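# Residue-level structural notes
Okay, here's what each chain looks like letter by letter:
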Amino acid sequence: MAAEDGIRRLAAALREAQRVTVVTGAGVSAASGIPTFRGSGSDQLWSPSQNSSYRWPAASVAYSRGSAFGGRLRPEELATPEAFARDPNLVWEWYAWRRDLVARARPNRAHEVLAAWSRRFPRFTLVTQNVDGLHERAGTENVVRFHGSLWELACASRCAGSPPAWPHEEPFDELPPRCPSCGGLARPGVVWFGEMIPLEALARARAALDCDVCIAVGTSAVVYPAAALVAEAAERGAWTAEINPEATPASAAVDLALACPAEQALEDVEKLLSEGHPPRRSGLS
Ligand code: OAD
């Protein structure tokens, strides 16, 4: 199917929808210059020897780079409680690099269109696996942060004196940052592999799966439980779509798989919606 047909079908589905839920992943921020973890755009994956902007004591650097990981680092090797316990400096160096990158980035057209949709539809929920905060910076309403935020910290030992997480948007004076209450290590306020999704985020996301249209945008659909959300929406009767230039394990299961970059597809759909084309009654298929 030509991309234009897909764009038209998605616009037609959205014209009839009251309740819209969008599940986003790293691909939605690719056009903002944030590397994805997998698929196209992941070629800039972090490696401590190339990207470090922090000056570590020599012994620490040698340990970090030479022992545990070496070479290119995958998220599964860094975004885990075990990696943090083994080498908090290395993990913090990666997060500090990502914070620097995101702080310089701007929301792209995909973020902007989704922000507009959060006001266009009577009920709109955006569930994001991204921790970069770009949806919020674009002004999106009703964002569910499934994997937490780069811009929050938490006490690594969950000490009694600290809140579950606290905002921290300024550059760090030194790494690793410390818990202001107990003086122990602070950790990024994100969900790591093997950890639970925050209960409130999970409940809000699952409630949003009772919707008319559910769209996965820019996610490789391999990390659970986020990867199961669109299928669950379909089970509950939603019409489903995926926007991703590459095929994913979810592509065959959705009603419409649009093989386009998100910033382009969403812009094209938004143009059709804004032109006020009359709803197509034959609609969803
Ligand atoms: P991935 O990096 O796994 O997948 C990004 C997807 O975006 C790939 O399927 C690409 O094909 C697609 N993509 C690239 N450029 C795109 C564009 N311009 N428009 C649309 N799609 C594009 O990212 P996620 O699925 O978000 O978790 O990854 C899920 C989780 O794995 C992340 O939240 C993170 C990671 O490890 C944790 O850190 C816990």
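Residues numbered from 1 in each chain as written. Predicted model: local features only at pLDDT ≥ 70, side-chain atom pairs only at ≥ 80, totals over all residues. Heavy atoms only, no water.

## Regarding the site of the ligand
Every one of the 24 residues lining the ligand counts as a neighbour, but F37, R38, T219, S220 and N244 are closest to it. Interatomic distance of 2.5 Å between a side-chain N/O atom of S220 and an oxygen atom of the ligand. Contact between the ligand and A262: a nitrogen atom at 2.8 Å from a main-chain N or O atom of the residue. Taking 790 Å² as the accessible area of the ligand by itself, protein coverage stands at 95%. Residue composition of the shell around the ligand, grouped by class: eleven nonpolar, ten polar and three charged. (Near = heavy atom within 4 Å. Polar contact = N/O pair within 3.5 Å; in protein donor to acceptor, adjacent residues only side chain to side chain. Areas by Shrake-Rupley, 256 points an atom, 1.4 Å probe, with all protein chains shown as cover. Nonpolar A, V, L, I, M, F, W, Y, C, P; charged D, E, K, R; others polar.)

## Focus on the packing of aromatic side chains
Counting across every chain of the model gives five aromatic pairs. Relative to F121, the ring of W117 has its centre 6.1 Å away and its plane inclined at 90°; by these criteria the two rings are edge-to-face. Like F121, W117 is buried. Taken together through their ring pairs, the aromatic side chains of W92, W94, Y95 and F172 make up a single cluster. Its guanidinium or amino end placed over the ring of W94, R98 lies 4.6 Å from that ring's centre, counting from NZ or CZ. (Phe/Tyr/Trp six-rings, centres within 6.5 Å; stacked < 30°, edge-to-face > 60°. Buried < 20%, exposed > 50% of the residue type's maximum accessible area, 1.4 Å probe, protein only. Lys NZ or Arg CZ within 6 Å of the ring centre and 35° of its normal.)

## Here's the deal with the pairing of strand β7 (residues 213–217)
The buried count for β7 comes to five of five residues, which makes it a mostly enclosed element. Across five bridges, β7 lies against strand β8 (residues 239–243) in parallel orientation. In the sheet register, V217 faces β8, and the bridge partner there is I243. In the classification by handedness, the crossover that spans β7, the intervening helix α10 (residues 229–235) and the parallel β8 is right-handed. (Helix = DSSP H or I, 4+ residues; strand = E, 2+ residues; numbered from the N terminus. Pairing = 2+ DSSP bridges. Right-handed = clockwise from strand over helix to strand, strands pointing away.)

## Thoughts on helix α7 (residues 109–120)
Between the first and last C-alpha of α7 there are 16 Å, a value that for twelve residues agrees with the 16 Å anticipated at 1.5 Å per step. Inspection of α7 places A110, H111, V113, L114, A115, W117 and S118 among the buried residues, and these make up the whole buried set. Where α7 is buried, its residues meet α1 (3–15), β1 (19–24), β2 (123–128), α8 (134–137), β7 and α11 (262–274). Among the residues of α7, the N-terminal cap falls to N108, whose side-chain oxygen and the backbone nitrogen of A110 are separated by 2.7 Å. (Expected span 1.5 Å × (residues − 1). Contact = heavy atoms within 4.5 Å.)

## Section: the nonpolar core
Formed by 32 residues in total, the largest nonpolar core has its most connected members in L10, L14, W117, I215, I243 and L266. When contributions to this core are tallied by element, the ones reaching two or more residues are α1, β1, α7, β2, β7, β8, β9 (256–258) and α11. Among the elements that make up this core, the one with the highest residue count is α11 (six residues). Apart from the residues lying within four places of it in its own chain, the contact partners of W117 are L14, F124, I215, L266, V269, E270 and L273. By size, the runner-up hydrophobic cluster in this structure holds 29 residues, among which are A79, F84, L101 and W166. (Core = buried A, V, L, I, M, F, W, Y, C linked by side-chain atoms within 4.5 Å.)

## Topic: the environment of A138
The topology assignment puts A138 in the loop between α8 and β3 (143–145). Through-space distance from the C-alpha of A138 to that of R106 is 8.5 Å; in sequence the pair is 32 residues apart. Every residue in contact with A138, bar those within four places of it in the chain, is listed here: P107, H111, E112 and A115.

## Structural notes on the sheet that holds strand β6 (residues 186–190)
Spatially, three strands are ordered β5-β4-β6 in an open sheet, and the strand pairing comes out antiparallel. On the outer flanks of this sheet lie β5 (166–167) and β6, each paired with one strand and no other. Inspection of the sheet shows strand β4 (residues 148–155) paired to β5 by two bridges, in the antiparallel sense. Within β5, the residue paired with L153 across the bridge is W166. Those strands touched by helix α6 (residues 88–104) are β4 and β6, and its axis lies near 140° from that of β4. (Axes fitted to C-alpha atoms, helices over the stretch in contact; angles between N-to-C directions.)

## A short note on empty space enclosed by the protein
Counted according to the given criterion, the structure contains one cavity of 30 Å³ or more. Taken as a whole, the largest cavity encloses approximately 30 Å³ of empty space. What lines the largest cavity is simply T128, N130, V131, D132, G133, L134, H135, E136, R145 and G148. Counting residues per element, the lining of the largest cavity draws most heavily on α8, at three residues. Residue classes in the lining of the largest cavity are distributed as two nonpolar, five polar and three charged. (1 Å grid on protein atoms, 1.4 Å probe; cavity = no way out; pocket = protein on both sides within 12 Å on 5 of 7 lines; lining within 4 Å. Points joined across faces, edges and corners; volume = space filled by probe spheres on them.)

## Topic: the pairing of β4
Within β4, seven of the eight residues are buried, which leaves it mostly tucked inside the rest of the structure. Two elements, β4 and β6, share four bridges in a ladder whose sense is antiparallel. When the bridges of β6 are listed, L153 appears paired with P188.

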